[in-house]
Structures are given as structure tokens and as C-alpha cells.
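The residues making up each chain are set out below.
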Amino acid sequence: AALADVPNVLSINPEVIDVKTAREFIERVKANPGRFNFASSGNGASTHLAFVEFNNTAGLNMVHVPYKGGPEAILGLLKGDACCIFNQVQTILPHYRAGKVRLLGVSTRSRVSAVPEVPSIAEAALPGFESYTWFGLFGPKGMDPQATRTLNAAVKRVLELPAVRQKLADLGNVPRIETPEQFAAFIRSETDKWAKVVRATNMKAE
């Protein structure tokens, strides 16, 4: 069963790159190739992949600084060792609310209810751009089809509960309800999409 889509958001340290919009960010970075660093939680991590896709789409030349996890990457952003990061909305929210970072655009095509004032990157700068993390529930290979259907139906019931939907929305997440067959097709499409990004950049996990 699918569980939820988790949007990323382009977050910047305004003391390193003082821009107000995603379009201004692209223009500034494009005018200074190789000057700005972007942080990620590690080579091949979702935050790395998201920024690589963004850079490829926008035609940017930036330096990747991989960290050994999300907290370290955010610390690098806050310290100014990197100008920016793609991170999950739920992870960056406390720093945003504390005024330590500026959010330029969410990576889903639509705005996110947790930060409705932040436009989508597709809306603000790159039409059609979409990149997000997602979560799902998996079982062992060869799992009994009836058990799969039973668990899928149970997950669907939970995701439809108003309290659960509200909790996910408060974190900036979007419930994803699909049949096992729909979820399998989605996974195949995601595998193909990110394999192309990895091959295009010769990316290697560490």
C-alpha cells in the first residue's frame, strides 16, 4: 500500500544567497556557475536526487556537498557552509518558523497546506517540475494476494480518517491511496524516472 507523498522544499540561507523567489535563485546561480554549494543528506539520497533534477531542469552548475544525514545537512545550511538544500517540508518547518531559513518553492506541482504562502517551483519558475519523497508499506516477495488486499484495505481506511489526514497535512504531507496494482505501477515509473537521473549524472551512492 502507498502511504503518503512528502514534498521537498527549496530552502536557502539568506545570508549566503539573498533572493526572495525561485526565479531569482535560478538567475543568481546561473550568473555565477560553480560558485554556490548545495547540501544533501548524502550521495544518492532523495535530497541529492531532488536537487540534481532541479539543477538539470534549470540548467544550473552548483557544487554538491554531501553530509552524513539530514540533521548534519541542515546544520551545514544554517552555518552557511551551503547556500541551500532540498529537504522535506516537515523537517525544515521548525527552522523556517524560527526565521533561520527562507523557503522559495515546494517541489510538488501544487502548494502544500502546511506552508500555503510558499509557491510551487512549477508555479514560480519551472512549469511542470515535480519531485517528492514518498512512503509505502511493503511485504515479502510471494506474499499471499488476499493478505495483500486485506492490508491495503486497512491502510486505506486509516488514511481516510479525518484526524490522520489532518496530522499528515500539518506536517506538509499528502496521503496517497492506491490499490496494490496502482502502487506497483507507480513504483515502476519512479524507478525508471530516477534511474535516468542517476545515469545522466553518473551518480554513485556512498
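In what follows, the structure referred to is the one given above.
All values reported here derive from a predicted model rather than from experimental measurement. (Residues numbered from 1 in each chain as written. Predicted model: local features only at pLDDT ≥ 70, side-chain atom pairs only at ≥ 80, totals over all residues. Heavy atoms only, no water.)

A.B. asks: Before we move on, can you summarise the pattern of salt bridges with the specific residues and values?
C.D. replies: Opposite charge on two side chains makes pairing possible when the charged atoms of those side chains draw close. Counting across every chain of the model gives eight salt bridges. Between Lys 156 and Glu 160 there is a salt bridge, with the nearest N and O atoms lying 2.7 Å from each other. Under the relative-accessibility criterion, Glu 160 is labelled partly exposed at 40%. Linking Arg 176 and Glu 178 is a salt bridge whose minimum nitrogen-to-oxygen distance equals 2.8 Å. Residue classification places Arg 176 among the buried residues on the basis of a relative accessible area of 12%. Overall, the relative accessible area of 17% leaves Glu 178 in the buried class. Where salt bridges share partners, they join Asp 5, Arg 176 and Glu 178 into one cluster. (Salt bridge = Lys/Arg side-chain N within 4 Å of Asp/Glu carboxyl O. Buried < 20%, exposed > 50% of the residue type's maximum accessible area, 1.4 Å probe, protein only.)

A.B. asks: Give me helix 4 (residues 89–97): which residues, what numbers.
C.D. replies: Taken together, the buried positions of helix 4 are Val 89, Ile 92 and Leu 93. Looking down the long axis of helix 4, one finds its buried residues gathered within 130 degrees of arc, a one-sided arrangement. At its buried positions, helix 4 is contacted by strand 1 (2–12), helix 3 (70–79), strand 4 (84–88), strand 5 (102–106) and helix 7 (162–170). Just past helix 4, the residue Gly 99 takes up positive phi, approximately 80 degrees. (Helix = DSSP H or I, 4+ residues; strand = E, 2+ residues; numbered from the N terminus. Arc of directions from axis to C-beta. Contact = heavy atoms within 4.5 Å.)

A.B. asks: How would you explain the pairing of strand 2 (residues 37–40) if you had to name every residue and give the values?
C.D. replies: Bridging between strand 2 and strand 3 (residues 63–66) involves four bridges; their strand directions are parallel. Across the sheet, the residue bridging to Phe 38 is His 64, located in strand 3. Taken together, strand 2, helix 2 (residues 46–58) and strand 3 form a β-α-β motif whose crossover is right-handed. Two strands pair when backbone bridges link them, and strand 2 and strand 4 are joined in this way by two bridges, in the parallel orientation. (Pairing = 2+ DSSP bridges. Right-handed = clockwise from strand over helix to strand, strands pointing away.)

A.B. asks: Report on helix 8 (residues 180–201), specifying residues and quantitative values.
C.D. replies: Over its 22 residues, helix 8 extends 32 Å from the first C-alpha to the last, a length consistent with the 32 Å expected when each residue adds 1.5 Å. Looking at the packing, one finds that the buried side of helix 8 touches strand 1, helix 2 and strand 6 (132–136). Directly beyond the C-terminal end of helix 8, a positive phi value near 55 degrees is found at Asn 202. (Expected span 1.5 Å × (residues − 1).)

A.B. asks: For the environment of Trp 194, give the residues involved together with the corresponding values.
C.D. replies: Structurally, Trp 194 can be placed in helix 8. Under the relative-accessibility criterion, Trp 194 is labelled buried at 14%. If near-sequence neighbours (up to four positions away) are discounted, Trp 194 is found in contact with Leu 49, Ala 50, Glu 53 and Ser 131.

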